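Topology and contacts: notes
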Amino acid sequence: MQLSVVILNYNVRYFLEQCVLSVQEAISTIDAEIIVVDNNSSDESLVMMKEKFPNVKLIENKENFGFPKGNNIGFRQAKGKYVCILNPDTVVAEDTFVKILAFAERQNNLGIIGCKLIDGTGEFLPESKRGVPTPWVAFTKIFSLYKIFPKTKLFNQYYAQHLDESKTGKVDILVGAFMFLESKLYENLNGFDENCFMYADDIDLSYRALKLQKNNFYFAETIVLHYKGESTIKDEHYMKRFQESMNFFYQKHFKKSWFFTVFIKIGAFLFSFAKMFQGKPQDNPLPESYFLYSQNENFTKKLASILENKVGFLDFKEEKMVNSCLILKGKKTEVILDNHYISFKKCIEIIETLKDKKVTFKIFPKNAGFIIGSNSRNDRGQIIKIE
């Protein structure tokens, strides 16, 4: 078997359904399997998986073991030469794994591959590629020096800004939302360190691959949608765990000193406090207009009734790309992309191409009874049921 895709889920039933649908499309021409590990969700995730995806391997944990242990449990069931650790709040393109497999097969001494991630508004997620967060690099991040001097090597290492987001190349650290590597390397690394509940686990795994003299890559030739805010509520518990995770990484990999310990505690507090503040829900005004991009014009009537608003129609057969001039009229607009007629890859391309503060996006996944999306990388996402 070529590939095992491991998806760790916790209480994101609708995002999980869309993710599995997209992965099924992406492995249709590959000898591959999907493994969903559920960390004791209290929503309807398990019921949904059993009803809609009976052939997908499902592991039901009886408690929330956290990100590292949950993924390690899934990996132990994997049969593929390669394994992809994938967040449930992601959407992959139909050719994502074909492209990455081909790239991986060409490499020598391969470490971990990550890819270009965008959020639900189409904005690039800079954590797609990062440098090792040494004390100095962490300092430049905490105090935003990387924003002030984005082209200066001394300050731009946290987000690996030496490498353009559109270019494939070697990087140090990749994000746990999408990590692709050989199964034998995962075994050699003993997987994620289960002493870390979450947040620093991807940094630690990437760093340990580097210490084995492996080459980690950022792969820019495929784009994956990562809603990001959906998997974690950023509250006081988030801040506590974030601090603990950063302390874990530094204590494990760097020499201790009094100054270093104090600096890390202050830095982790400031950084996690800022994250928590960013993550607080914001009041987003409802769209003033809606457009359905589809071939099914009759569906606009049902949508209009559910949304209690007029829904315009853009015919996919006639429109090669959503006409931004038609949509952007100074009003807050929502574009609904009908996956029954538009591939996941095309949906992702449209979201990235039309990113605009006044435009939000939702996807109507094929064979699903909901419309789904996120208007901000810091919120929990929006689900509109249509059945």
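Below is a summary of the structure that appears in this document. Everything quoted here is computed from the prediction, not taken from an experiment. (Residues numbered from 1 in each chain as written. Predicted model: local features only at pLDDT ≥ 70, side-chain atom pairs only at ≥ 80, totals over all residues. Heavy atoms only, no water.)

**Thoughts on the overall build of the chain**
A count of helices and strands for the chain gives 13 helices and 15 strands. Here the chain holds 387 residues, and the buried ones make up 57% of them. Considering only residue pairs separated by 6 or more positions, the chain has 75% of its internal contacts joining residues 24 or more positions apart. Just so you have it, the chain exposes about 17,600 Å², and 51% of that area is on carbon and sulfur atoms. (Helix = DSSP H or I, 4+ residues; strand = E, 2+ residues; numbered from the N terminus. Buried < 20%, exposed > 50% of the residue type's maximum accessible area, 1.4 Å probe, protein only. Contact = heavy atoms within 4.5 Å. Areas by Shrake-Rupley, 256 points an atom, 1.4 Å probe, with all protein chains shown as cover.)

**With respect to the side chain of Glu334**
Tracing the chain through its elements places Glu334 in strand S12 (residues 333-338). Judged by relative accessible area, Glu334 falls into the buried class, the value being 4%. A distance of 3.0 Å separates a polar atom in the side chain of Glu334 from a polar atom in the side chain of Lys362. Non-local contacts of Glu334, meaning those with residues more than four positions away in its chain, are made with Pro287, Ser289, Tyr290, Phe291, Thr360, Lys362 and Asn375. (Polar contact = N/O pair within 3.5 Å; in protein donor to acceptor, adjacent residues only side chain to side chain.)

**Considering the pattern of salt bridges**
Enumeration over the complete set of coordinates arrives at 15 salt bridges. In this structure, Lys52 engages Glu17 in a salt bridge whose closest nitrogen and oxygen atoms are separated by 3.7 Å. Taken together, the positions of Lys52 in helix H2 (residues 45-52) and Glu17 in helix H1 (residues 13-26) put the pair 35 residues apart, joining distant regions of the chain. Owing to a relative accessible area of 38%, Lys52 belongs among the partly exposed residues under this scheme. Between Glu25 and Lys366 there is a salt bridge, and its shortest N-O distance comes to 3.4 Å. Placement of the pair is Glu25 in helix H1 and Lys366 in the loop between strand S13 (359-364) and strand S14 (370-373), with a sequence separation of 341 residues. Taking the relative accessible area as the measure of exposure, Glu25 reaches 28% and is therefore partly exposed. Overlapping salt bridges bring together Asp193, Asp204, Arg208 and Lys252 as one network. (Salt bridge = Lys/Arg side-chain N within 4 Å of Asp/Glu carboxyl O.)

**Some thoughts on helix H4 (residues 96-105)**
Listed in full, the buried residues belonging to H4 are Thr96, Phe97, Ile100, Leu101, Phe103 and Ala104. For H4, the buried positions fall inside an angular range of 165 degrees around the axis, keeping them on one side. Residues of H4 that are buried in the fold lie against strand S1 (3-9), H1, strand S4 (82-86), strand S6 (110-118), strand S8 (178-182) and strand S9 (215-226). (Arc of directions from axis to C-beta.)

**Side note on the side chain of Asn71**
Note on placement: Asn71 falls in helix H3 (residues 66-75). By relative accessible area, which is 0% here, Asn71 ends up buried. Contact partners of Asn71, with chain neighbours within four places excluded, come to Val6, Leu8, Ile85, Tyr186 and Phe192.

**Concerning the nonpolar core**
Ile7, Val23, Phe97, Phe178 and Phe180 are the most contacted members of the largest nonpolar core, which totals 66 residues. When residues of this core are assigned to their parent elements, the largest contribution, eight residues, is made by H1. Residue contacts for Phe178: discarding those within four places in its chain leaves Cys84, Ile85, Leu86, Val92, Thr96, Phe97, Ile100, Ile113, Gly114, Cys115, Leu117 and Val224. Core analysis: the next-biggest nonpolar cluster, separate from the first, contains 26 residues, Leu8, Phe67, Ile73 and Leu205 among them. (Core = buried A, V, L, I, M, F, W, Y, C linked by side-chain atoms within 4.5 Å.)

**Topic: the packing of aromatic side chains**
Under the defined criterion, the tally for this structure stands at 15 aromatic pairs. Here the aromatic rings of Phe67 and Phe192 are separated by 5.2 Å at their centres, their planes lie at 70 degrees, and the arrangement is edge-to-face. Taken as a pair, Phe67 in helix H3 and Phe192 in the loop between helix H7 (183-188) and helix H8 (201-211) lie far apart in primary sequence, 125 residues in all. In this pair, the class of Phe67 matches that of Phe192, namely buried. Arranged with centres 6.5 Å apart and planes meeting at 80 degrees, the rings of Phe124 and Tyr218 form a pair that is edge-to-face. Here Phe124, found in the loop between S6 and helix H5 (135-142), pairs with Tyr218, found in strand S9; they are 94 residues apart in sequence, far enough to count as distant. In this pair, the class of Phe124 matches that of Tyr218, namely buried. Sitting over the face of the ring of Tyr14, Arg13 holds its NZ or CZ atom 4.2 Å from the ring centroid. A cation sits over an aromatic face here: Lys69 above Phe65, 4.2 Å from the ring centre. (Phe/Tyr/Trp six-rings, centres within 6.5 Å; stacked < 30°, edge-to-face > 60°. Lys NZ or Arg CZ within 6 Å of the ring centre and 35° of its normal.)

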